[in-house]
Amino acid sequence: MDHRDPAADAEYARRSARENASIQGLVAEALREAADLARKEVALFRAEMSHNVKLVVAGLVALLASSVFAIGTIILLTDALVDWLAVVVGSDALASLIVAGVLLVITIALVLYGRSKLSAATLEPTHTIRSVERDGDVLSNRRH
């Protein structure tokens, strides 16, 4: 003989159906939030890479400017500086070496600046990496 209350069984079935529906709703919401988060991470990645490409272009422009500066400097000032310095030091050869050394230092400084803008670290999407790591930490904390 079965001693179950049909009304209690019906109530249990309704409660169980509501819990299943709420679990499904929570899973669906979590999936929507995960997709939204992924879209935002991709947008952040694109924005950061666009910024990094602009830095690379700035580095290339600096390298080109340093080349133009070096050539212009050599053409415009070498003769005048060498002639003036030759009178001061009394030697054309020593004056040429001094002027060339100063121009070389300026050129090297500009090349090093340009190269620093073109480094691999400049292209690394650091903001996106940090954001993804934070999101991973948040999601792993939700599971615990």
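Owing to the predicted nature of the structure, the values given are computational and were not obtained by experimental measurement. (Residues numbered from 1 in each chain as written. Predicted model: local features only at pLDDT ≥ 70, side-chain atom pairs only at ≥ 80, totals over all residues. Heavy atoms only, no water.)

J.: Please explain the overall build of the chain as it appears in this structure.
T.: When its secondary structure is counted, the chain shows four helices and zero strands. Reading the secondary structure of the chain in the N-to-C direction produces α-α-α-α. Expressed as a percentage of its 144 residues, the buried residues of the chain come to 15%. Pairs at least 24 residues apart make up 75% of the contacts formed inside the chain by residues separated by at least 6 positions. Approximately 11000 Å² of the chain is accessible, and the part contributed by carbon and sulfur atoms is 67%. (Helix = DSSP H or I, 4+ residues; strand = E, 2+ residues; numbered from the N terminus. Buried < 20%, exposed > 50% of the residue type's maximum accessible area, 1.4 Å probe, protein only. Contact = heavy atoms within 4.5 Å. Areas by Shrake-Rupley, 256 points an atom, 1.4 Å probe, with all protein chains shown as cover.)

J.: I'm lost on the environment of S67 in this one. Help?
T.: Looking at the secondary structure, you find S67 in helix α1 (residues 6-89). Distance from S67 to L110, taken between C-alpha atoms, is 8.5 Å for residues 43 residues apart in sequence.

J.: Would you take a moment to explain the confidence of the model for the chain for this structure?
T.: Residues shown with low pLDDT carry predicted positions that ought not to be read at fine detail. Residues at a pLDDT of 70 or more form 89% of the chain, whose mean pLDDT is 83. The lowest-confidence element of the chain is helix α3 (residues 120-123), averaging 67 in pLDDT; the highest-confidence one is helix α2 (residues 92-117), averaging 90. (pLDDT = per-residue confidence, 0-100.)

J.: It is not clear to me how α2 should be interpreted in this structure. Could you clarify?
T.: Quick reminder: α-helices carry 3.6 residues per turn. Residues three or four places apart thus point the same way. The end-to-end C-alpha distance of α2 is 38 Å, a good match for the 38 Å that 26 residues give at a rise of 1.5 Å each. All of the buried residues in α2 are A95, V99, L103 and G114. (Expected span 1.5 Å × (residues − 1).)

J.: What exactly am I supposed to notice about the nonpolar core here?
T.: Side chains of nonpolar character tend, in soluble globular proteins, to be buried together. One finds V82, L85, A86, A95, V99 and L103 forming the largest nonpolar core, which totals six residues. Elements that contribute at least two residues to this core include exactly α1 and α2. Setting aside residues up to four positions removed in sequence, L103 forms contacts with T73, I74 and T78. (Core = buried A, V, L, I, M, F, W, Y, C linked by side-chain atoms within 4.5 Å.)

J.: So what exactly am I meant to see when it comes to the pattern of salt bridges here?
T.: Where charged atoms of side chains with opposite charge meet at close range, the side chains can pair. Enumeration over the complete set of coordinates arrives at two salt bridges. One salt bridge connects R39 with D36, and the closest N-O pair in it is separated by 3.8 Å. Of this pair, R39 and D36 both sit in helix α1, three residues apart, which is roughly one turn of that helix. Overall, the relative accessible area of 30% leaves D36 in the partly exposed class. Residues K40 and D36 are paired through a salt bridge, measuring 3.4 Å at the closest nitrogen-oxygen approach. Here K40 and its partner D36 are both found in helix α1, four residues apart, which amounts to about one turn of the helix. (Salt bridge = Lys/Arg side-chain N within 4 Å of Asp/Glu carboxyl O.)

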